[in-house]
Amino acid sequence: MENEKKDKIYKGVLIGLGIVLVVIAVMYYSEHRENKRYIGEITAEKLSLQSELELLSADYDSLQTSNDTLNVQLKMEQEKISELLERMRVFRNNSYAEINKYKRELGTLKEVLRDYIVQIDSLNTRNQLLTAENVRVKKQINWVKERNQKLEESTENMKEVISKAAALDVAGLTCYPINKKGKTVKKISKTVKLKTSFTLRKNITASTGAKEIFVRLTRPDEVVLGNPQNLLFDFENTKLVYSAMREIDYEGDELEVAIFWDNDGSLISGEYKVDVFAEGNHIGNAKFLLK
């Protein structure tokens, strides 16, 4: 009897130990699987960041300017990218905190790139304008002379014709709703902005330089969609409210323009009118539907 008791106790201990070992094995396997998944996610994030950095480096390589100061600054940013890439290749700290740190550095490098693109574009534009200035002036003079030879009207009529010829004109005027990703949508509920697009036609008689383009959007009930500051513009001896405005640099050549109005919740269904104005002239109009 005593031996049977001992056997039972012994078996119970063995069973208990077996259960403990099974529980430990299950916990170990679960933790190992979770750790493996975590490391996989970190690795994927790291590879994605490395890819973005390499693309960003290519973008910096593509920037070209004759400005020595900018070239030195661009080289310094390239060195920062190379240094960040090297740090990412060797780091072994499987931590989201470290990944987020690299993301912030990448974001800063992207912002700096955008600033350089604006600066270089401005410099290149100015250089092109200086180079083309003499050619453009000669073209304008020749064009005016040729036109003057064909006109037989009075001086006042001549001035009026030239003024009309110098006025800006648009082609391909459209307006449509877009979402926050810039994609065209069909429903008002998904509309974040109304995008007005058009082409300013080539006009070598028009004055060049900065010009303000005004867009006026009118609802089906004749209510004009206003701007946040309720600002006005001049048109035919009166002041009108406009929906959106953009300043452009016009040099006499064909120019693609897009102007955006932010949806303030006042859109309704129906047929809208879009009118475009510049320098006191009504230069284009169109209609579009919102549902």
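Residues numbered from 1 in each chain as written. Predicted model: local features only at pLDDT ≥ 70, side-chain atom pairs only at ≥ 80, totals over all residues. Heavy atoms only, no water.

Draft legend 1. Inspection of the environment of Ala167 at higher detail. Tracing the backbone through its elements, the reader meets Ala167 in the loop between helix H4 (155–166) and strand S1 (170–178). Along the primary structure Ala167 and Ile283 are separated by 116 residues, whereas in three dimensions their C-alpha atoms are 8.0 Å apart. Those residues in contact with Ala167 that lie beyond four places of it in its chain are Asn203 and Asn281. (Helix = DSSP H or I, 4+ residues; strand = E, 2+ residues; numbered from the N terminus. Contact = heavy atoms within 4.5 Å.)

Draft legend 2. Summary view of the pattern of salt bridges. Applying the stated rule across the entire model yields seven salt bridges. Where Lys193 meets Asp262, a salt bridge forms, and the shortest distance between an N and an O atom there is 2.3 Å. Taken as a pair, Lys193 in strand S2 (residues 193–200) and Asp262 in strand S8 (residues 255–262) lie far apart in primary sequence, 69 residues in all. Across the salt bridge formed by Lys211 and Glu279, the nearest N and O atoms sit 2.5 Å from each other. Separated by 68 residues along the polypeptide, Lys211 in strand S3 (residues 209–218) and Glu279 in the loop between strand S9 (270–278) and strand S10 (281–290) bring together distant segments of the chain. Residue Lys211 is classed as buried on the basis of its relative accessible area of 4%. The exposure class assigned to Glu279 is partly exposed, which follows from its relative accessible area of 43%. (Salt bridge = Lys/Arg side-chain N within 4 Å of Asp/Glu carboxyl O. Buried < 20%, exposed > 50% of the residue type's maximum accessible area, 1.4 Å probe, protein only.)

Draft legend 3. Molecular detail of the packing of aromatic side chains. For the structure on display, the rule yields six aromatic pairs. One aromatic cluster in this structure is built from Phe214, Phe233, Phe235, Tyr242 and Phe277. (Phe/Tyr/Trp six-rings, centres within 6.5 Å; stacked < 30°, edge-to-face > 60°.)

Draft legend 4. Representation of the sheet that holds S8 in the model. Pairing in this open sheet of three strands is antiparallel, and the strands run S1-S2-S8 from one edge to the other. Bordering the open sheet on either side are S1 and S8, each of which pairs with just one other strand. Adjacent strand axes in the sheet meet at a mean angle of 15 degrees, parallel and antiparallel pairs treated alike. Pairing of S1 with S2 involves seven bridges; the strand directions are antiparallel. In the sheet register, Val170 faces S2, and the bridge partner there is Leu200. (Pairing = 2+ DSSP bridges. Axes fitted to C-alpha atoms, helices over the stretch in contact; angles between N-to-C directions.)

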